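# Remarks on the overall topology
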Amino acid sequence: MRPFVLEITVIDPVALAQDLIRRPSITPADAGALDVLAAALEKLGFTCHKLRFSAANTPDIDNLYARWGQGELGQGELGQGGRNFCFAGHTDVVPVGDAKAWSVDPFAAEIQAGRLYGRGAADMKSAIAAFAAAAEGFLADKPDFPHSISLLITGDEEGPAINGTTRVLDWLAERGEKLDVCVVGEPTNPLRLGDMIKIGRRGSLNARITVHGMQGHVGYPHLADNPIPRLVDILAALKRRRLDSGNAHFEASNLEIVTVDVGNTATNVIPAAAHAAINIRYNTEQTAAGLRAWIESCCRLGNGFEDGRVEVTFQESANPFITQPGPFVQAMAEAVAAITGKQPELSTTGGTSDARFIQAYCPVIEFGLVGQTMHKVDENSLVADIRALTEIYRGMLERFFA
Ligand SMILES: [Zn+2]
């Protein structure tokens, strides 16, 4: 058994958040951010595994899996009834955009009027720092704690997400390392800390439709075949149907036409082909397979889909999931209420996150800071919120392991 040496108050969540923000880790760069985190966690007794993954046609990515617990990876107390509470997040950030529009240096991590400014202040370096500090506080008075606390932190959440969380999850599974539950620290609160816990996410399906015709002179249409009216009919058919009306945990599924492209600059030419793309954000009333079959049938309607005049390609970027309200969700809600005095809404709205990958392994929910400024100029978080989030995460750990 490895001896644990706890240095109390090693981690100040605000100072650690500042250290992380000062590493300009714009995807795919790490810029030393994970080393900053690993160094802090190692002082608490966490075993850190730095994981660098590569794949063809995509940049190499650094990731970190750190666990506090008495067994080796995939062994020890985890095999004897111990539980592994995982916190997941990302140290990569989106670009600053128009740097001149910022009122501060986006990587200086300045505090002004009670707010910590910088890229990643809300999404989501400060939440990682809060969890690390919460873990320290939680473990400080439990030298014989028989369970595990882990952090799964990727450098590829804002990018293609190929060499990130999915690869770490594969790596853990290969080694028999189990996660019992996971909290993702994305900024889930629309306006104020305590507003919202995400207990699921919608799925996302992309379809690209190409209608082929025959190019020709507009004055001789009988010698050509215009693909545009057929594409318009297909899109109208797709848009006409109401997919569903939602359910207890999800809003209605929605289809958006995101682009229509012909690229014809001439007024006297019937073009050879017309293209469109659609995106569907869908709930658990739908499946990707069902939606694909429906889209294909719409494209077939008298349009010769069979003879290659209409082509459809699909990209499934996320499946919908729900973590049903139960003791795990309840523990988070109580931890939030105890610190903020608010009953958080349990929601499945918004975009996707890496929770879409983790849900295949264990129950996953999301709670973090206020998301109002994420990806924006002058991204920031209230310093008081970072400290309150630390207390909430600690309260969550206390309740989960009670
Ligand atoms: Zn994020």
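For the structure itself, look to the data block above.
Let me sum up the structure you'll find in this document. Keep in mind it's a predicted model, so treat the numbers as computed, not measured. (Residues numbered from 1 in each chain as written. Predicted model: local features only at pLDDT ≥ 70, side-chain atom pairs only at ≥ 80, totals over all residues. Heavy atoms only, no water.)

### Focus on the side chain of Asp385
As for its placement among the helices and strands, Asp385 is situated in helix H9 (residues 383–400). Despite its burial, Asp385 pairs with no opposite charge, the nearest such side chain being Arg115 at 6.6 Å. The residues touching Asp385, leaving out its near neighbours within four places in the chain, are Leu193, Leu369 and Val370. (Helix = DSSP H or I, 4+ residues; strand = E, 2+ residues; numbered from the N terminus. Buried < 20%, exposed > 50% of the residue type's maximum accessible area, 1.4 Å probe, protein only. Lys, Arg positive; Asp, Glu negative; His and termini not counted. Salt bridge = Lys/Arg side-chain N within 4 Å of Asp/Glu carboxyl O. Contact = heavy atoms within 4.5 Å.)

### Some words on the sheet that holds strand S10 (residues 203–212)
Backbone hydrogen bonds hold the strands of a sheet together, and the pairing may be parallel or antiparallel. Pairing in this open sheet of four strands is antiparallel, and the strands run S12-S14-S10-S15 from one edge to the other. Because the sheet does not close on itself, it has two edges, and the strands there are strand S12 (254–261) and strand S15 (310–318). Between one strand axis and the next, the sheet turns by 15° as a mean value, whatever way the strands run. Examined bridge by bridge, S12 and strand S14 (residues 273–282) share seven bridges and lie antiparallel to one another. (Pairing = 2+ DSSP bridges. Axes fitted to C-alpha atoms, helices over the stretch in contact; angles between N-to-C directions.)

### Looking at the environment of Pro13
Relative to the helices and strands, Pro13 resides in helix H1 (residues 13–21). Classification of Pro13 by relative accessible area gives buried; the value is 7%. For Pro13 and Ile270, which are 257 residues apart along the polypeptide, the C-alpha to C-alpha distance reads 62 Å. Beyond its immediate sequence surroundings of up to four residues, Pro13 is in contact with Ala129, Ala130, Ala133, Ile386, Arg387 and Thr390.

### Quick look at the coordination of the zinc ion
Binding of the zinc ion to the protein goes through His90 (NE2), Asp123 (OD), Glu186 (OE) and Glu186 (OE), at separations of 1.9 to 2.7 Å. The site at the zinc ion holds four donor atoms, and with the angles between them running 52 to 140°, its shape is irregular. Within one chain, the residues serving as donors to the zinc ion are arranged as H-x32-D-x62-E. In this pair, Asp123 is assigned in the loop between strand S5 (115–117) and helix H3 (125–140) and Glu186 in the loop between strand S7 (181–184) and strand S8 (196–198), connecting sequence segments 63 residues apart. Across the pair, exposure class does not vary: Asp123 and Glu186 are buried alike. (Donors = N, O, S within 2.8 Å, 3.2 Å for Na, K, Ca; no water. Tetrahedral: all angles 85-135°; square planar, octahedral: opposite > 155°, others 65-115°.)

### Here we look at the sheet that holds strand S19 (residues 380–382)
If you trace the three strands from one edge of the open sheet to the other, you get S4-S5-S19, paired in antiparallel fashion. The open sheet has two free edges, formed respectively by strand S4 (111–112) and S19, since each of these has just one partner strand. Its contacts with the sheet place H1 against S4 and S5, and it is angled at close to 20° to S5. Contacts between H9 and the sheet are confined to S4, S5 and S19, with S19 contributing the most and set at about 65° to the helix.

### A word on the pairing of strand S3 (residues 84–90)
Among the seven residues that make up S3, seven are buried, leaving the element largely enclosed by the rest of the structure. Burial of S3 is two-sided: the residues Asn84, Cys86, Ala88 and His90 facing one way and the residues Phe85, Phe87 and Gly89 facing the other way are all buried. Note: S3 against S7, four bridges, orientation parallel. What sits directly across from Cys86, in S7, is Cys182.

### Notes on the pattern of salt bridges
One pass over the structure, following the stated rule, counts 19 salt bridges. With a closest N to O distance of 3.8 Å, Arg52 and Asp60 form a salt bridge. The exposure class of Asp60 is partly exposed, given its relative accessible area of 35%. It is possible to trace a salt-bridge network through shared partners that takes in Asp141, Lys142, Arg394 and Glu398.

### Details of the packing of aromatic side chains
Applying the stated rule across the entire model yields 13 aromatic pairs. The interplanar angle of 10° and the centroid separation of 4.6 Å between the aromatic rings of Phe87 and Phe131 together place this pair among those described as stacked. Here Phe131 lies in helix H3 and Phe87 lies in strand S3, a separation of 44 residues in the sequence. The same class applies to Phe87 as to Phe131, namely buried. Pairwise contacts between aromatic rings join Trp68, Phe85, Phe87, Phe131, Phe138, Phe145, Phe328, Tyr393, Phe400 and Phe401 into one cluster. Above the face of the Phe400 ring, Arg83 is positioned so that its terminal group lies 4.4 Å from the ring centre. Sitting over the ring of Trp294, Arg241 keeps its end group 4.7 Å from the ring centre. (Phe/Tyr/Trp six-rings, centres within 6.5 Å; stacked < 30°, edge-to-face > 60°. Lys NZ or Arg CZ within 6 Å of the ring centre and 35° of its normal.)

### Points about the pairing of strand S6 (residues 148–154)
For S6, the buried fraction is high: seven of the seven residues fall into the buried class. Alignment of strand S2 (residues 58–68) against S6, held across six bridges, turns out to be antiparallel. Looking at S6, one finds that Trp68 is bridged to Ile149. Pairing of S3 with S6 involves seven bridges; the strand directions are parallel. Across the sheet, Cys86 pairs through a bridge with Ser150, a residue of S6.

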